[in-house]
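# Summary of structural features
This is what each chain is made of:
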Amino acid sequence: MTDASELRRRTQELLAAHPPASTGRTAFLEARFDAGLAWVHYPAGLGGLDAPRSLQAVVDAELAAAGAPDNDPRRIGIGLGMAAPTILAYGTEEQKRRFLRPLWVGQEVWCQLFSEPGAGSDLAALGTRAVRDGDTWVVNGQKVWTSSAHVARWAILIARTDPDVPKHRGITYFLCDMTDPGVEVRPLRQITGEAEFNEVFLTGVRIPDAHRLGEVGDGWKVAQTTLNNERVAIGGARIPREGGMIGTVSRTWRERPELRTHDLHQRLLDLWVDAEVARMTGERLRQQLVAGQPGPEGSGMKLAFARLNQEISGLEVELLGEEGLLYGDWTMRRPELVDFTGRDAGYRYLRSKGNSIEGGTSEVLLNIVAERVLGLPPEPRNDKDVAWKDLAR
């Protein structure tokens, strides 16, 4: 299945059998998944056709032209960009068939239970414990900065299963049902006034061993697949020229000539070029993904994304002058997604501050780029061979 014309034919067959105008959204998405047109590069029977990843654009273009519904990827981004590729790489056949279809269709929203109050940048220091009890694991601990936990049905979770070995080796990866007893989600109100993030308390949560992903103790290895895909998902999204935040400030510049100054013009030009370079770099990265798995390049893209968003939003506030100091609404909400371009300049300025934290802090990502991309010597680590239980906390 490597021929674009064959994919067009299959897409037209899908549209003929399930006309978007008369087919319910969920029913159409389920039919699309079953036809192998969800992720064409995934295996047959799991939403794909074992086709080259590059041919997904052929399917998407045909469906868009026909007015077919999408699966609202912004709402289910954690599932699509992080959970799905990890389940595909490490899941059993039963796990793949149970989770991938409702995940892609959007019937089940996912969240990520990785970071903890004492294990954010140093994720491998996590202390949430999972203790085996027959065919189940009993989990106790706390997670933090969990996007979408308040709407999620499932979570990807890493927990410590062996405290007697060094921190990277005693971790196991699980799929956690967020509706199970003992899972408590509390909102974390942000500087924007909203609470899209949460803290999650796990008290005696019982997870079947059948929901373990990968081998016991291999959780750090499995988590690297998740993290690499997360950085690509955050920093490597496809956008058109002048898409995203640079487009918003560029429109303001064109429509409000009374706001212009020479200094702001020079800064806007510099950021416009930087945004275009980042956009083209992201396109090159996506082309590289066609041939393999995401690598450390995703970290570089995520770094650029965070810096650009913060600098562009700062420029926009300055450009608007007194208007830029206004903030539309401090109402406490628990949104399902982040809307950078549909809100006012004050929201963009405040929310972009989190871009250098979420998905791995910029400081940690600089280390990753230095060590894995540039090949520089790693920073000294005095806890590499020390059992987790013996680490100072």
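Conventions used here
- Residues numbered from 1 in each chain as written.
- Predicted model: local features only at pLDDT ≥ 70, side-chain atom pairs only at ≥ 80, totals over all residues.
- Heavy atoms only, no water.
- Helix = DSSP H or I, 4+ residues; strand = E, 2+ residues; numbered from the N terminus.
- Rg over C-alpha atoms; globule rule 2.2 N^0.38 Å.
- Buried < 20%, exposed > 50% of the residue type's maximum accessible area, 1.4 Å probe, protein only.
- Contact = heavy atoms within 4.5 Å.
- Areas by Shrake-Rupley, 256 points an atom, 1.4 Å probe, with all protein chains shown as cover.
- Core = buried A, V, L, I, M, F, W, Y, C linked by side-chain atoms within 4.5 Å.
- Axes fitted to C-alpha atoms, helices over the stretch in contact; angles between N-to-C directions.
- Parallel < 35°, antiparallel > 145°, perpendicular 65-115°, else oblique.
- Left-handed = near helix turned anticlockwise from the far one by under 90°.
- Nonpolar A, V, L, I, M, F, W, Y, C, P; charged D, E, K, R; others polar.
- Salt bridge = Lys/Arg side-chain N within 4 Å of Asp/Glu carboxyl O.
- Phe/Tyr/Trp six-rings, centres within 6.5 Å; stacked < 30°, edge-to-face > 60°.

Attention now moves to the overall build of the protein chain. Helix and strand counts for the protein chain stand at 11 helices and 8 strands. The C-alpha radius of gyration computed for the protein chain amounts to 22 Å, which stays within 12% of the reference 21 Å derived for 393 residues, consistent with globular compactness. Its C-alpha atoms give the protein chain principal-axis dimensions of roughly 70 × 55 × 45 Å. A burial count over the protein chain gives 49% of its 393 residues as buried. Of the contacts made within the protein chain by residues no fewer than 6 positions apart, 70% connect residues no fewer than 24 positions apart. Roughly 18,500 Å² of accessible area belongs to the protein chain as shown, and the carbon and sulfur atoms make up 53% of that amount.

Next up on the list: the nonpolar core. Soluble globular proteins tend to bury their nonpolar side chains together. The biggest cluster of nonpolar side chains holds 53 residues, and the ones touching the most others in it are Trp39, Trp110, Tyr173 and Met178. Not counting the four nearest positions on each side in its chain, Met178 is found in contact with Cys111, Leu113, Ala149, Ala152, Arg153, Trp154, Ala155, Val183, Val185 and Val200. Residues Leu259, Leu268, Ala275 and Leu320 belong to the second largest nonpolar core, which totals 17 residues.

Contact pair helix α4 (residues 77–90) / helix α5 (residues 93–105): the axes reach a minimum separation of 10 Å and the direction vectors enclose 165 degrees. By the angle between their directions, the pair α4 and α5 is classed as roughly antiparallel. Every pair of crossing elements has a handedness; the one defined by α4 and α5 is left-handed. Facing Gly79, Leu80, Ala83, Ala84, Ile87, Leu88 and Tyr90 of α4, the residues of α5 in contact are Gln95, Lys96, Phe99, Leu100, Leu103 and Trp104. Taken together, the residues of the contact of α4 with α5 break down into 10 nonpolar, 2 polar and 1 charged.

The next point concerns the pattern of salt bridges. Evaluation of the coordinates by the stated rule reveals 37 salt bridges. With its nearest N and O atoms 3.2 Å apart, the salt bridge here joins Arg132 to Asp209. Placement of Arg132 in strand β2 (residues 129–133) and of Asp209 in the loop between β7 (197–208) and β8 (212–213) is noted, with a sequence separation of 77 residues between them. What makes Arg132 partly exposed here is its relative accessible area of 41%. With its nearest N and O atoms 2.7 Å apart, the salt bridge here joins Arg254 to Glu242. With Arg254 in helix α7 (residues 245–255) and Glu242 in the loop between α6 (219–235) and α7, the pair connects residues that are 12 residues apart, well separated along the chain. Using a relative accessible area of 21% as the deciding quantity, one classes Glu242 as partly exposed. Here the residues in one salt-bridge network are Glu6, Arg9, Arg10 and Glu13, joined through shared partners.

Once that is clear, we can look at the packing of aromatic side chains. Overall, the coordinates contain 11 aromatic pairs when judged by the stated rule. Ring geometry for Phe99 versus Trp154: centroids 4.9 Å apart, planes at 80 degrees, classification edge-to-face. With Phe99 in helix α5 and Trp154 in strand β4 (residues 154–160), this residue pair connects regions lying 55 residues apart in the sequence. Among the residues examined, Trp154 registers a relative accessible area of 3% and is labelled buried.

Turning our eyes to something else, we now look at the packing of helix α1 (residues 4–17) against helix α3 (residues 56–65). Relative to each other, α1 and α3 sit at 35 degrees, their axes nearing to 9 Å. The way α1 lies across α3 gives a crossing that is right-handed. Taken together, the residues of α3 that come into contact with α1 (itself represented by Ala4, Leu7, Arg8, Thr11, Gln12, Leu14 and Leu15) are Val58, Val59, Glu62 and Leu63. A breakdown of the residues in the contact of α1 with α3 according to their chemical character gives 7 nonpolar, 2 polar and 2 charged.

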